[in-house]
Amino acid sequence: MADSASVEIVAVAIITVLAVISPGPDFAMVTRIAIARGRKAGVLCAIGIGSGISVHITYTMIGLGVVFAHNVWVLNTIRILGASYLIWLGISAFLPDLWQRAKRHLGVQTPAAAILAHSAPTAHQAQTPPPAPAPAPAHQRNSSSFWAGFACNALNPKAMLFIVSLFSQVISADTSAAMQLGYGVFIALCHMVWFAIVAAALTLPAIQAKIGKARVWIERGVGVCLAGLGIKILASG
């Protein structure tokens, strides 16, 4: 009995680690947020990813996982919602640039800019560039980073099937509830720790220096990957 329990623990650990470190939507999400918003936002995204996987763990532990996995409408709903979310995230990587181009094309001006345009500028005003738009408050960026990671995993049909398969095929039905809970905590922590490491690595000064001016293009490339993953998930149905 002890030997079978040890084998189960090792199997759960290896399968979880391999699943977590394999590239996917979570990796792309953390990469984009860490590069665009910084280390703290990337770590909060990682915590959100771990919290998102906890949703699948919770309903699987109370016996609903197998029920959901065998109901086509549940899988299709999660698949469509998750794919749509990934596609939106991919498109949103291009929205700031598209918005700026649209404003230049249409000649859109803010009220302050319109007033300045109709007044005689001083020499100092002529040499001073217009102020950049104020960024969103830090607490809003951090909150959105957490929820972006949470939604990315909670709406991922592959994450759902992974957890259901793990608990139904690898973890024995005789395993105690406390042990199953321990597995769930381990799986969630693995997601949080791994993607926090990814976020920390991407925001190291040496990495940031190498990224430099390519930051925008990297974010767009990740956006294309996210949208592509969403389209692939939609097509798989």
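The rules behind each value
Residues numbered from 1 in each chain as written. Predicted model: local features only at pLDDT ≥ 70, side-chain atom pairs only at ≥ 80, totals over all residues. Heavy atoms only, no water. Helix = DSSP H or I, 4+ residues; strand = E, 2+ residues; numbered from the N terminus. Buried < 20%, exposed > 50% of the residue type's maximum accessible area, 1.4 Å probe, protein only. Areas by Shrake-Rupley, 256 points an atom, 1.4 Å probe, with all protein chains shown as cover. Axes fitted to C-alpha atoms, helices over the stretch in contact; angles between N-to-C directions. Parallel < 35°, antiparallel > 145°, perpendicular 65-115°, else oblique. Left-handed = near helix turned anticlockwise from the far one by under 90°. Contact = heavy atoms within 4.5 Å. Nonpolar A, V, L, I, M, F, W, Y, C, P; charged D, E, K, R; others polar. pLDDT = per-residue confidence, 0-100. Polar contact = N/O pair within 3.5 Å; in protein donor to acceptor, adjacent residues only side chain to side chain.

A. Region of interest: the overall build of the protein chain. Helix and strand counts for the protein chain stand at 13 helices and zero strands. For the protein chain, the succession of helices and strands along the chain, N to C, is α-α-α-α-α-α-α-α-α-α-α-α-α. Every one of the 237 residues in the protein chain was classed for burial, and the buried ones make up 35%. Taken as a whole, the protein chain presents about 13,700 Å² of accessible surface, with 72% of it coming from carbon and sulfur.

B. Structural context of the packing of helix H2 (residues 25–37) against helix H13 (residues 215–235). Packing of H2 against H13 brings their axes to within 9 Å, and their N-to-C directions diverge by 155°. On the basis of the axis angle, H2 is roughly antiparallel to H13. The hand of the H2/H13 crossing is left-handed. In this structure, H2 uses Pro-25, Ala-28, Met-29, Thr-31, Arg-32, Ile-35 and Ala-36 to contact H13, whose residues at the interface are Arg-215, Ile-218, Glu-219, Val-222, Leu-226 and Leu-229. In terms of residue class, the contact of H2 with H13 is built from nine nonpolar, one polar and three charged.

C. Fine view of the confidence of the model for the protein chain. A residue-level look at the protein chain finds 79% of positions with pLDDT of 70 or above and a mean pLDDT of 80. Of all the helices and strands in the protein chain, helix H7 (residues 111–117) carries the lowest mean pLDDT, 46, while helix H11 (residues 177–202) carries the highest, 95.

D. Looking closely at the environment of Leu-44. Along the chain, Leu-44 turns up in helix H3 (residues 39–61). Taking the C-alpha atoms as reference, Leu-44 lies 9.4 Å from Ala-148; in sequence the two are 104 residues apart. Non-local contacts of Leu-44, meaning those with residues more than four positions away in its chain, are made with Asn-142, Ser-145 and Phe-146.

E. Structural view of the side chain of Arg-32. Here Arg-32 lies in helix H2. Residue Arg-32 is classed as buried on the basis of its relative accessible area, which comes to 12%. Side-chain polar atoms of Arg-32 contact the side chain of Ser-92, separated by 3.1 Å.

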